[in-house]
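Read off the chains here:
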Amino acid sequence: MSQNSPPAHGRTGTDAANGEDQSTWDAKGFYNKLAPTKKPKTPNPQNAITIAVSSRALFRMEEEQKIYEEHGVEEYVKYQLEHEDEPFEPGAAFPFVKALEAVNARLRELYPESEELFDVVLMTNHHAQVGVRLINTINHYNLFIERFCMTGGRSLIGYLKAYHTNLYLSSDSGKVGEALGEGIAAATIFSPDKVVEVSDTQLRVAFDGDAVLFSDESEQIVKAHGLDRFFEHEKEHENSPLAHGPLKGFLEALGKLQKKFYAKGQRLECPIRTYLVTARSAASSGARALKTLRSWGLETDEALFLAGAPKGPLLEKIRPHIFFDDQMFHVEGATEMGTVSAHVPYGVAQRYKKSAAKKEPAGGK
């Protein structure tokens, strides 16, 4: 204890002689509690689960982006400098990042020395001068984000690899496509059309199956030969695991952290919950999906086979912090119902969409 610290119990005679009464000590104790506490140690990227988030995914920056697009980088930087003491509003990825921090807090309680934690890295290719406003905003919301990467217009790919990124979230579909092309799990995140309250104590992540957790092998059959042949194919190959999709590694990372809670007898109180939400039918094609996960040594807490029904209403009940799907109409349906959703532009569905766009007449929708 410092020589200047108040005694642990009551006052000394010297204190009384100096006229310091009990109310003074009560006030000192109150303000001591307000003193900043030491932040947790940032984990080593090689041990952590690294979540890279773009600044426009984490915060609402529509006005600033409009200035950048209409007036160029110089006006954009000028505007940011003039407003750097004004925090941005929370964006689509904000609740997800807060949930990651809640999981980290629980992990640090159980494993104080472990570096197997979520590590959020803020990624932006904007000018470094914008960093001050971003830092001010992060401190305003008391977020624990210590790693920043501001590339000043350069590609983020090399940095994503250097940080051993497990998942990259951005509002820029071009950057997401580039990351996926380099083998990095990535998705374009979309804000919901309405605000739905999500859990602040349990991270909930929902995944589509084909072309997200699994390869697009089965979707290729659907596109080429129709649903009847797809059902036959899945029955014939029920015991043959599907190849992995772009987000299989992220589910694996979540499962690894879940097991740390299970090892402490906290399966029922685990602050991570995962969902498979697929358009597959349970009876005709569900077994292969579940057996594939089993062959990988993975599982989801819940598996929901919708047989082609809309996903939005069910997701509204689950209230995940994020939902991943390769089909934009599922993403749009989920956001309409209040779910933060992320598009994974991977597989035959994307090629089919591009082909259709090429055939569309000029001036089409």
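Residues numbered from 1 in each chain as written. Predicted model: local features only at pLDDT ≥ 70, side-chain atom pairs only at ≥ 80, totals over all residues. Heavy atoms only, no water.

Chemist: Looking at this structure, I do not really get the overall build of the protein chain. What am I missing?
Modeler: Along its length, the protein chain carries 16 helices and 12 strands. For the protein chain, buried positions account for 46% of its 365 residues. Within the protein chain, contacts between residues at least 6 apart in sequence are counted, and of these 74% link residues at least 24 apart. For the protein chain, the accessible area works out to roughly 18,900 Å², and carbon and sulfur atoms hold 50% of it. (Helix = DSSP H or I, 4+ residues; strand = E, 2+ residues; numbered from the N terminus. Buried < 20%, exposed > 50% of the residue type's maximum accessible area, 1.4 Å probe, protein only. Contact = heavy atoms within 4.5 Å. Areas by Shrake-Rupley, 256 points an atom, 1.4 Å probe, with all protein chains shown as cover.)

Chemist: What am I meant to see in unusual backbone geometry here?
Modeler: Peptide bonds are, in most cases, trans, and in most cases residues other than glycine have a negative phi. Located in the positive-phi region is Asn142, a residue other than glycine, with phi close to 55 degrees. Tracing the chain through its elements places Asn142 in the loop between α7 (131-140) and β5 (147-150). Asn142 sits in the exposed class, given a relative accessible area of 61%. Positive phi is not limited to glycine here, since Arg319 has a value of about 55 degrees. Within the element layout of this structure, Arg319 appears in the loop between α14 (312-318) and β11 (322-325).

Chemist: Please clarify how helix α4 (residues 62-71) should be interpreted in this entry.
Modeler: Since one α-helical turn is 3.6 residues long, residues separated by three or four positions face the same way. Among the residues of α4, those classed as buried are Glu64, Gln65 and Ile67. The arc that holds every buried residue of α4, seen down its axis, measures 155 degrees, which confines them to one face. Relative to its buried face, α4 has exposed residues pointing more than 90 degrees away, namely Glu69 and Glu70. Its buried side turned inward, α4 meets α3 (55-58), β2 (59-60), α5 (73-82) and α7. At the exit of α4 stands Gly72, carrying a positive phi of roughly 95 degrees. (Arc of directions from axis to C-beta.)

Chemist: Explain the packing of helix α6 (residues 94-110) against helix α12 (residues 248-262) here, please?
Modeler: Contact pair α6 / α12: the axes reach a minimum separation of 10 Å and the direction vectors enclose 35 degrees. Here the hand of the crossing between α6 and α12 comes out left-handed. Facing Phe96, Val103, Arg106, Leu107 and Leu110 of α6, the residues of α12 in contact are Phe250, Leu257, Lys260 and Phe261. Considered class by class, the residues forming the contact of α6 with α12 number seven nonpolar, no polar and two charged. (Axes fitted to C-alpha atoms, helices over the stretch in contact; angles between N-to-C directions. Left-handed = near helix turned anticlockwise from the far one by under 90°. Nonpolar A, V, L, I, M, F, W, Y, C, P; charged D, E, K, R; others polar.)

Chemist: When you look at the environment of Phe144 in this model, what are you seeing that I'm missing?
Modeler: Here Phe144 lies in the loop between α7 and β5. The class of Phe144 is buried, set by a relative accessible area of 17%. Along the backbone, Phe144 and Val120 are 24 residues apart, and their C-alpha atoms lie at a distance of 8.0 Å. Dropping the residues within four chain positions of it, Phe144 is found in contact with Lys39, Pro40, Lys41, Thr42, Glu101 and Arg108.

Chemist: Would you take a moment to explain the nonpolar core for this structure?
Modeler: For soluble globular proteins, nonpolar side chains are generally found buried alongside one another. Counting 77 residues, the largest nonpolar core has Phe59, Phe96, Leu203, Phe207 and Phe324 as the members making the most contacts within it. Residue contacts for Phe324: discarding those within four places in its chain leaves Leu167, Leu169, Ala187, Val205, Ala206, Phe207, Asp208, Val212, Leu247, Phe250, Ala342 and Val344. One finds Tyr275, Leu304, Leu306 and Ile318 within the second-largest nonpolar core, a separate group that totals nine residues. (Core = buried A, V, L, I, M, F, W, Y, C linked by side-chain atoms within 4.5 Å.)

Chemist: Any chance you could explain the confidence of the model for the protein chain here in plain terms?
Modeler: Detailed reading of the predicted coordinates is not advisable wherever pLDDT falls low. When pLDDT is averaged along the protein chain, the result is 85; 85% of the residues meet or exceed 70. Low confidence marks residues 354-365, where pLDDT is under 50. Its contacts with residues over four positions away, or in another chain, come to one contact. (pLDDT = per-residue confidence, 0-100.)

Chemist: Explanation requested: the packing of aromatic side chains in the structure shown.
Modeler: The description of two aromatic rings rests on the distance between their centres and on the angle between their planes. Taken as a whole, this structure holds eight aromatic pairs when the rule is applied. Ring geometry for Phe59 and Phe88: centres 6.1 Å apart, planes at 20 degrees, overall stacked. In this pair, Phe59 sits in strand β2 while Phe88 sits in the loop between α5 and β3 (89-90), placing the two residues 29 residues apart along the sequence. By relative accessible area, Phe59 is classed as buried at 0%. Geometrically, the ring pair formed by Phe59 and Tyr141 is stacked, given 6.4 Å between the ring centres and 20 degrees between the ring planes. Residue Phe59 is located in strand β2, and its partner Tyr141 is located in the loop between α7 and β5; the two are separated by 82 residues in the primary sequence. Site record: aromatic cluster; members linked through ring pairs are Phe59, Phe88, Phe94 and Tyr141. (Phe/Tyr/Trp six-rings, centres within 6.5 Å; stacked < 30°, edge-to-face > 60°.)

Chemist: Just checking my understanding: could you explain the pattern of salt bridges for this structure?
Modeler: When charged atoms on two side chains of opposite charge get close, those side chains can pair. Per the stated rule, a full pass over the model turns up 18 salt bridges. In this structure, Glu116 and Lys260 form a salt bridge, with 2.8 Å as the shortest nitrogen-oxygen distance. On the criterion of sequence distance, the pair formed by Glu116 in the loop between α6 and β4 (118-124) and Lys260 in helix α12 is long-range, its members being 144 residues apart. A residue is classified by how much of its surface remains accessible, and Glu116, at 25% relative accessible area, is partly exposed. Among the ionic pairs, Lys161 bridges to Glu182, the shortest N-O distance being 2.9 Å. With Lys161 in helix α8 (residues 157-162) and Glu182 in the loop between α9 (173-181) and β7 (186-190), this pair connects stretches of sequence that are 21 residues apart. Given the relative accessible area of 42%, Lys161 is considered partly exposed. The class of Glu182 is partly exposed, set by a relative accessible area of 42%. Through salt bridges with shared partners, a single ionic network connects Glu116, Lys256 and Lys260. (Salt bridge = Lys/Arg side-chain N within 4 Å of Asp/Glu carboxyl O.)

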